[in-house]
Structures are given as structure tokens and as C-alpha cells.
Amino acid sequence: MIPSCVGGSRATVVPLTRRCFQQNQQRVRFGLEASRARFVGTENGAVSRFLSVTGSKNGFCLLGSLRSCYGTVNTGKMTGVKKYQIVERGAPNSTDYRLFFKTDDGQSVSPLHDIPLYANSSKTVYNMVVEVPRWTNAKMEISLAEGLNPIKQDVKKGKLRFVANCFPHHGYIWNYGALPQTWENPDHLDPNTGCKGDNDPIDALEIGSRVAKRGEVVQVKILGTVALIDEGETDWKVITIDVNDPVADQLNDVNDIDKVFPGLLKATVEWFKIYKIPDGKPENQFAFNGEAKDAAFATKVVEETHKFWRTLINKQIEDTGISCLNTTVEGSPYLVASDAGEEVLTKSASGGNSEALSDTIDKWHYIALK
């Protein structure tokens, strides 16, 4: 039996230029020449893609009944950073679609539990799991209830969920994701906000210049945070930047953001305030009147949520609805052997029907702020 935890509550910058060509109807291969990067696609006349950076092996996609896509992601400037493969299961644009993670040597892992929070020994650089690339609308998220916590698209009333375009914002205005090995405890009353946690890993916004890939693990540094109060729950939004971004050295704290990216902090607060209004919900509220707190404050918040995660993964808290299945966390009661983790992946849905995208996804919503 595969254990699950159910208690508590939820890179580099590389300029890319693609040249695609079809060799025959049975096989398609495409190359990408761009400063240490290569894409390779295969099979059945379909092209699939993944990113491979800094000397990693060529990847491949096998498309067909399994619809599994393998891709490798690594970083450039930092050394000793683990690489992760992404494995797509189920038809894209369907409720069956899942994005699983593996280590470079093929071991299935949970992006929530097995990818380390800290990317360096001094604990100044963090791993961020990208759920939603900038400018996209599909509300993708780490699935808390499912074994190995794959990324999937949120569903509302049986339909795939997309965020609306609230003028002048198109989709998500940053690379959006989560910091692994964190958990906002819904039983903990945050003294700073007066609200309890939202039972999720802590959210991260990556504000660098590059549009990341879904499932990419990016190494970031923390610049600050805003405290969204979402339906009465504390929902921290940690602002980060890819350490390999060309301007990363110019940003070390929240006050640097307006100097390098004028207007972005204001736009960030506005985005979170209004993005649910097209769905018939009221404006979201913020602690601190929407003021962004500095890097030192944000770092303490992340450290606290990391401690809460430890209580979760060590079964000090139960009945959360969160699967704590993992394949690498030593001492965890939910640790399973690699083959048990692989079984979760192989038993996941491999088919499904892709939904047609509605024209409403491209609709602009004009909202007058109060």
C-alpha cells in the first residue's frame, strides 16, 4: 500500500531560436542551436519539446498511447544543482493531464516533498517549481491530494480553470509557482496577518526577463513578499528573481524592484486584487495595506513554512488531505522505495480528451478599481 498523509492543512537565461523540420511521417526531429541548449522531438509525426541546458543529455519524447514526455532542466551559473526530468501523462488540455517529476537518474520524486527548498549550502538561493509560465492563463498547480504531487490544471464545476485577462494584464504577469518543502499551516494563526494559513506550499513569483517552462525548477533569490488575504486565509506571495537573470545582481531587496522594474510591484498588488472579479468574486484584500515586506521578512516567513512542512512530512500533523508520499526524505514515515514511486506514475491516466479552448480565454476584462 502506498502511504499518504491526510492532517494539518496545503536556468538559466538562454536565448532560444528553433528550427523545425519534418523528416518523414513517422518521425520528426528538430534541433535547437542556442548557446548550450538543444531540443529533440520524436515520433508519429508529432513534435514535443523539452529544455536541456549546460551539457545535459539529449532528451526525447515518446508520443502514443502513453503520451509521456521526458525533459531535463538544469541551471548554468550555479554548480552542483540537481537536474530534474519532467514526465507528461494524459492528453494536454484535459482533466487527465499530469506533469510528474524525476531525478536525472530516473527516480520518481514529488516536487513538493523531494525537491529541496534550498539550492545552496548557505541557504541564500532557493528552488522554485514553475507551475504557470508568464503570460499564460491555465491555472496549473501542484496537486496536493495525489501521490507524488504532480502538476495538474485546476478544475471548477468540471471545467478546466483559466485566469481572466484583467486589462492591461494578460494571464499571469510573472513566472508563477511554489517553493518546495513549504506549507502554510491552516491551524497556525499568523500574528502578522491575523489569519490562518491556506494549506498550500508557499507561492513564488519570479520576475526576471525569461519566460520559464512549466515544470522547470529555477534557482531564485528572495526579494520580498506581499500578504494576500484570500477568503480569510493568509496566502503569502514571495517575490523572487532567477539568480541567472541578467539583472539579478541589481536586485537584492524589495526596494530594488521599482528601480529596475518600475511599476511591477504596483501591478502585482493590482493583479491579485482584481483577478477573481471576472468570476463574480469581490476584490481580494491584503495585510499591511498591500505593502510589500522586505527580503529579511520574507525569508523568515519561508523558514517558518519550511518548519511547518517538516511537521507534515514527519507525520506530526495528520488529516490534512495532502499526500506526503516521497522517495527521498530520510526518516519520513511516508518514504517509499523508488519502484513504488514509479508505480504511481505508470498507473496515472495516459489518455483523455483534449478540450477545445474557448474564445473567452482571450477576452479582456475592464475593471474599475475602488
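Criteria and thresholds
Residues numbered from 1 in each chain as written. Predicted model: local features only at pLDDT ≥ 70, side-chain atom pairs only at ≥ 80, totals over all residues. Heavy atoms only, no water. Helix = DSSP H or I, 4+ residues; strand = E, 2+ residues; numbered from the N terminus. Buried < 20%, exposed > 50% of the residue type's maximum accessible area, 1.4 Å probe, protein only. Areas by Shrake-Rupley, 256 points an atom, 1.4 Å probe, with all protein chains shown as cover. Contact = heavy atoms within 4.5 Å. Pairing = 2+ DSSP bridges. Core = buried A, V, L, I, M, F, W, Y, C linked by side-chain atoms within 4.5 Å. Salt bridge = Lys/Arg side-chain N within 4 Å of Asp/Glu carboxyl O. Patch = residues over 30% accessible without salt bridge, like charges linked within 9 Å, V, L, I, M, F, W, Y side chains within 5 Å. Phe/Tyr/Trp six-rings, centres within 6.5 Å; stacked < 30°, edge-to-face > 60°. Lys NZ or Arg CZ within 6 Å of the ring centre and 35° of its normal.

*Asks:* Provide a residue-level description of the overall build of the chain, including the pertinent values.
*Replies:* Along the chain, the regular secondary structure elements total four helices and 21 strands. Expressed as a percentage of the 370 residues in the chain, the buried residues total 56%. Of the roughly 16500 Å² of accessible surface on the chain, 49% is carried by carbon and sulfur atoms.

*Asks:* If you had to explain the side chain of Thr103 to someone new, which residues and values would you point to?
*Replies:* Among the structural elements, Thr103 can be located in strand E6 (residues 98-103). Under the relative-accessibility criterion, Thr103 is labelled buried at 7%. Ignoring sequence-local partners within four residues, the contact set of Thr103 consists of Lys83, Tyr84, Gln85 and Val109.

*Asks:* Can you break down the pairing of strand E14 (residues 175-178) residue by residue, with the values?
*Replies:* Residues Asn175 and Gly177 of E14 are buried on one face, and the alternating residues Tyr176 and Ala178, pointing to the opposite face, are buried as well. Bridge count between strand E8 (residues 126-132) and E14: three bridges; the pairing is antiparallel. Following the sheet pairing, Val130 is matched in E14 by Gly177. Pairing analysis gives four bridges linking E14 to strand E16 (residues 203-206), with the strands arranged antiparallel. By the bridge assignment, Gly177 is partnered in E16 with Ala204.

*Asks:* Break down the nonpolar core for me, with residues and values.
*Replies:* Side chains that are nonpolar tend, in soluble globular proteins, to be buried together. Core analysis: the biggest nonpolar cluster contains 51 residues, and Phe101, Trp174, Ile207, Ile257, Trp271 and Phe272 have the highest contact counts within it. Take this core: its biggest share by element is six residues, from helix H2 (residues 264-274). When residues no more than four places from it in sequence are discounted, the contact partners of Trp271 are Val163, His169, Gly171, Tyr172, Ile173 and Trp174. Among the nonpolar cores identified, the runner-up in size contains 22 residues, and Val130, Cys195, Ala212 and Ile229 belong to it.

*Asks:* Tell me about the pattern of salt bridges, residues and numbers included.
*Replies:* Following the criterion strictly, the structure yields 15 salt bridges and no others. Across the pair Glu146 and Arg98 runs a salt bridge whose closest N-O atoms are separated by 2.9 Å. Here Glu146 is found in the loop between strand E9 (140-142) and strand E10 (151-153), whereas its partner Arg98 is found in strand E6, with 48 residues between them in sequence. Judged by relative accessible area, which is 23%, Glu146 ranks as partly exposed. Among the ionic pairs, Lys259 bridges to Asp256, the shortest N-O distance being 3.8 Å. Separated by three residues within a single helix, Lys259 and Asp256 lie in helix H1 (residues 255-260), roughly one turn from each other. Overall, Asp256 belongs to the buried group, its relative accessible area being 15%. Each of Asp230, Glu231, Lys276 and Lys281 takes part in one network of salt bridges that share partners.

*Asks:* Give me H2: which residues, what numbers.
*Replies:* Counting buried residues along H2, eight of its 11 residues qualify, which places the element largely inside the surrounding structure. Among the residues of H2, Leu264, Leu265, Ala267, Thr268, Val269, Trp271, Phe272 and Ile274 are the ones counted as buried.

*Asks:* Break down a nonpolar patch on the surface for me, citing the residues and quoting the values.
*Replies:* A contiguous nonpolar patch, built from Phe167, Trp364 and Tyr366 and spanning about 350 Å² of accessible area, is present on the exposed surface. Examined against the element boundaries, Phe167 turns out to sit in the loop between strand E13 (165-166) and E14. The partly exposed category is assigned to Phe167, whose relative accessible area is 42%.

*Asks:* Describe the packing of aromatic side chains, and please don't skip the residues or the numbers.
*Replies:* According to the stated counting rule, one finds 14 aromatic pairs in the structure shown. Pairing Phe167 with Trp364 gives two aromatic rings, centres 5.3 Å apart and planes at 80°, and the pair type is edge-to-face. Of this pair, Phe167 sits in the loop between E13 and E14 while Trp364 sits in strand E21 (residues 364-365), and the two are 197 residues apart along the sequence. Residue class for Trp364 comes out partly exposed when judged on its relative accessible area of 33%. When the centroid spacing of 4.9 Å and the interplanar angle of 70° are considered together, the rings of Trp174 and Trp271 count as edge-to-face. Here Trp271 lies in helix H2 and Trp174 lies in the loop between E13 and E14, a separation of 97 residues in the sequence. There is no split in this pair, since Trp174 and Trp271 are both buried. Directly above the aromatic system of Trp135 lies the positively charged group of Arg134, at a separation of 5.7 Å from the ring centroid.

*Asks:* Tell me what's going on with the environment of Thr95, and back it up with residues and numbers.
*Replies:* As for its placement among the helices and strands, Thr95 is situated in the loop between strand E5 (84-89) and E6. You can call Thr95 partly exposed: its relative accessible area is 36%. Each C-alpha atom of the pair Thr95 and Gly352 lies 7.4 Å from the other, and the pair is 257 residues apart in sequence.

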